[in-house]
Every structure is written in structure tokens, then in C-alpha cells.
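Structural features, examined
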Amino acid sequence: MKATPHTVFTPELLRRLDTSGPRYTSYPTADRFHERFGELQYRQTLAARAELARHRAAPPLALYLHIPFCESVCYYCACNKVITKHHDRATEYLDMLGREIEMHAQALGTRQRVTQLHFGGGTPTFLSDAELSRVWAAMARAFELVPDAECSIEVDPRTATPERLAHLAALGFNRLSFGVQDFDPEVQQAVHRVQPAEQVQALMAAARAIGKFDSINVDLIYGLPRQTPERFARTIERVVALAPDRIALYGYAHLPERFKPQRRIDVAELPDGAGRLAMLGHAIEAFGAGGYDYIGMDHFAKRHDPLAVAKREGKLHRNFQGYTTQPECDLLGLGVSAIGRVGATHAQNAKTLDAYYAAIRDGRFATVRGLALDADDLLRRAIVMGLMCRGRLDFAAIRAEFGVDVPAHFGAELQRLGAMAEDGLVRVDADGVDVTEAGWYVVRAVAMVFDRYLRQPPSRGDDGAQPVRFSRVL
Ligand code: SF4
């Protein structure tokens, strides 16, 4: 039987692992960004990259385009979005997004190579076919999309039709991600996101028939109101029958003080810790039996999928969208609230439409916060990402790249890992640290040992209102 959290973890160990932590789509995490990194610093960063590009020394680009609009609110939502039924609101947004794309092309040099493109939201499929074409054309004018670029888009099944999918394929999208969450009608009602399973099945069939999508992903969430292990098992069965190439299974994090829509969720309807663990454990078993490999941190992929191959070959990477096969790129975050990473900096755009529009109208980048990584951040980022992506901290590799002797420099951290080694989550020897099969389920808890910021007082996030809390590790 495949090792899963509820078969390999004792109740005592589960209690100790019942903690919260970052998802490490970046290190340092976004809650550590600050306003001292603003528009000026972002311009300087882009200028430095342009200089590298002149000497053909700049890495390729990845683009993230944020489309914030949704027609109705899902109660579990923790995204930056604007709820509206007025589709004409997209017009002004696309004007500004087009300008922001042009400003980047001017700052970086036109026709920079793009190897990865992702439309996220919000709901990218809130846009009409003509509007999607418009954004695509603006992007294609400014950048050179390489022929084998990964071009993905999040699809809300409630706003998509087979014709819509054909249009996405014609534009050049080759990856789709369907937001499913749960097929159970009761759960769908409890979270205010009703979408019949048949609708998703029909869309998946249409996407396959089009034949242009290399990879189809399905997003699921466990820990939602009215979910039970039995009900969720039926959803899992249906998802395995649909056979998407990838599955993302997120644990719902109930943080109503940070995310207003979650205040509409009845806490009494949320499954307890044992229920959550049973759902996760069953899902891992069923996906394993259905031909999926566990990639780490909520992600599963069919054994033939490039993500599973990359995991086996130790070539996984991680960015703001999660795991990827693409090596380090500079990532431009475009649109309201979008986060980018260029060189050794992170930058985030204004979170409200008004502030975003005002900056772009003025000809300024909309950066409001960010971070320039120092030497310690870069060292720890390499360690955190090595653990998250390859399940390994290689002492010799760190010495070669940073000139740092890990056992001497990280004595306290290695001591803390000793307890995890006793619990069978990691193996530590003279050459390095390896995450075990059981440890992969809590890999972020292993990475957290090296996160310097977790030993500082919690940040208060970008609105300064509440100390930032993270989602649960399991
Ligand atoms: S979960 Fe997605 S579709 Fe639902 S409100 Fe949030 S961003 Fe919009």
C-alpha cells in the first residue's frame, strides 16, 4: 500500500505536524515584501536586466497576466478579484494592461524571448473571445513567444464552452487548468460555486477533441464546508475517471479575518482535522492507484507527464504558480496585484484597480511593494527551493555556489532537523539532507526550518491590519 499521511504518521506525530506554514512559491514569502521597494527600484531592476539582455546574458522571460474579474464570489476565495456582472469593465482594464505590457517592452527591449505564459485570476475566461485576442496580440507585439512556450490559462467551467476552448487553442494556449474544487452539489452550494459535473466532463472531452492542449489540470479543494470523506471520495473517483494530466489538491485554509468572502462559510459545517486527513489520505491512495505520481505540495501528475518525469529526474522548479518544469526565468507580473520576480528582486503591483489605473495612466509602473534579496536570502532561497523541488539539501552544491559550509553555518537548523530525522521525515548524513517518502507530504515543514523570517515577529501583510497567518501544513 502507498504511504500516505494517515498510514505513516502516528497520532502523536500528526499533532506535532499540525502547524501552519508558507507554501514557498517564493522565498522570502510575499508577506515580507515592503514599500521601500517601489516603482523606482523596479525600474532600476528592469534597466539592469535590459543591460544583461544587451550582452545576451539575460534569462528568458515568463509572463503572468492577472485578469481580476469574476461574475460571482466563491466563499472560499483568497484571490485578488473584482466581483462584477458588468463585462464592459474589462475594456478599461485591458487598455491599462496593454499599456503596462508596452512599458515593459520599452524598459527591457522589445521582442524579449518568452518561454512561459500564464493567464490567472480572478477568472481569465470572464473575457470575451475578442478581448482574449486583444490581450494576446498586445503580448505578441511586445515579446517573442518561443515555439514550444508553455501557455496556460485558468478556465472557470461556468464561463467556458467548447467554442471558447477552440478559440483558446487557436490563440496558442496549450495548457488548461479547470477549477473544479468538488463535484458534490451540497458542497458546491455551501461555497456558492455551482457547476454540474456533466459540464466539466463535456468541457474536458471537448478540450481533448481539439487536440491542441498538451496538458489539462484539475484543481480540487479538501476541507470545504459539508465535505465528508465519503462525499469527497465520490468526487475523487469522478476526477480519476476524467483522467486529467495533472491534479492540484489544495487544503482549504479558513482565514476569515484576512479573506472577507470566507466569513460567509459556516464554521460548524467545516470538516475536522481527522476528516481532512482522511480525505487527503484517500485522495493520495486513489490518485496513486489511478496512475498519478505525488509531486509534492498538493500536486499530482500522470507518470508520463513532464512534471512527474522532472520530479523523478530531480529537475523540478517552483514559481508563483507552483511546480513547473521550466528552469529559472525572470517573471513579469502584469495586471492588478500581480507579483513578479526579476533578478534577485520580487515586486508586486497595486492591489486596487484605482491605484493600478492611476499609476499606468501616469506612465509609471504600478509597483507598490517588493523586496531586493540580500546574500542570506539568496542562500536560504537555494536551500528552501532545493528541498521543495528536489527533496534534497546538497552540502557540496551549496559550498560550490555560495562558499558556505552548511554544517558549520546552519548548526541550529540541522539540530532541529534531527527531530524530523527521528520521525522518519528526513535523512541527514555527512553529504546532505534528503526528504523521505513520508517527508514529502510535509516538505514545507522541512523547508520552514531554514526560513529566517519565521523566527521574527509575524508580518502584518500589505494592509497592515492583521498579522499574516499561513495555511496548515497538512
Ligand atoms: S475562487 Fe476564483 S472564480 Fe471564485 S471568486 Fe475567487 S477568483 Fe473568482
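Residues numbered from 1 in each chain as written. Predicted model: local features only at pLDDT ≥ 70, side-chain atom pairs only at ≥ 80, totals over all residues. Heavy atoms only, no water.

1. Looking at helix H16 (residues 411–422)
With 12 residues, H16 extends 17 Å from end C-alpha to end C-alpha; this agrees with the ideal 16 Å at 1.5 Å per step. Within H16, the full set of buried residues consists of Glu413, Leu414, Leu417 and Met420. Summarising the axial view, the buried residues of H16 lie within an arc of 95°, below the 170-degree limit, and thus occupy one face. Opposite its buried face, H16 presents the exposed residues Ala412, Gln415 and Glu422, each directed more than 90 degrees away. Buried residues in H16 make contact with helix H13 (375–390), helix H14 (395–402), helix H15 (406–409), strand S18 (426–428), strand S19 (432–435) and helix H17 (443–448). Glycine 424 occupies a position one or two residues after H16 and carries a positive phi of about 80°. (Helix = DSSP H or I, 4+ residues; strand = E, 2+ residues; numbered from the N terminus. Expected span 1.5 Å × (residues − 1). Buried < 20%, exposed > 50% of the residue type's maximum accessible area, 1.4 Å probe, protein only. Arc of directions from axis to C-beta. Contact = heavy atoms within 4.5 Å.)

2. Regarding the domain arrangement of the protein
What the domain assignment lists for the protein is domain 1 (1–22 + 375–453) and domain 2 (29–333). If you average the C-alpha positions of domain 1 and of domain 2, the two centres end up 27 Å apart. On the domain 2 side, the residues contacting the 18 residues of domain 1 number 19 residues. Buried surface at the junction of domain 1 and domain 2, both sides included, amounts to about 1,600 Å², of which 73% is carbon and sulfur. (Domains from an automatic or database assignment. Buried area = accessible area lost by both parts, 1.4 Å probe.)

3. Regarding helix H5 (residues 129–142)
Here H5 contains 14 residues, and its C-alpha end-to-end distance of 20 Å stays within 8% of the 20 Å for a straight helix at 1.5 Å per residue. Among the residues making up H5, those that are buried are Glu131, Leu132, Val135, Trp136, Ala138, Met139 and Ala142. Each buried residue of H5 lies within a common arc of 155° when the element is viewed along its axis, so the set occupies one face. Looking at H5, the residues exposed on the side facing more than 90 degrees away from the buried face are Ala130 and Arg141. As for H5, its buried residues are in contact with strand S1 (61–67), helix H4 (89–108), strand S4 (112–121), strand S5 (143–155) and helix H6 (162–171).

4. Describing the site of the ligand
If you check the shell around the ligand, you find Cys70, Ser72, Val73, Cys74, Tyr76, Cys77, Cys79, Gly122, Thr123 and Arg193 and nothing else. Taken together, the residues of the shell around the ligand break down into 6 nonpolar, 3 polar and 1 charged. (Near = heavy atom within 4 Å. Nonpolar A, V, L, I, M, F, W, Y, C, P; charged D, E, K, R; others polar.)

5. What to know about the nonpolar core
By size, the foremost hydrophobic cluster in this structure holds 131 residues, and its most contacted members are Tyr93, Leu97, Leu332, Tyr356 and Phe450. When residues in this core are grouped by element, the largest group, 9 residues, is from H4. Counting the residues that make up this core, at least three belong to each of domain 1 (1–22 + 375–453) and domain 2 (29–333). If sequence neighbours within four positions are ignored, phenylalanine 450 has contacts with Tyr27, Arg380, Ile383, Val384, Leu387, Leu393, Phe410, Glu413, Leu414 and Leu417. Ranked by size, the runner-up nonpolar core spans 11 residues in total, among them Tyr75, Tyr76, Val187 and Ile265. (Core = buried A, V, L, I, M, F, W, Y, C linked by side-chain atoms within 4.5 Å.)

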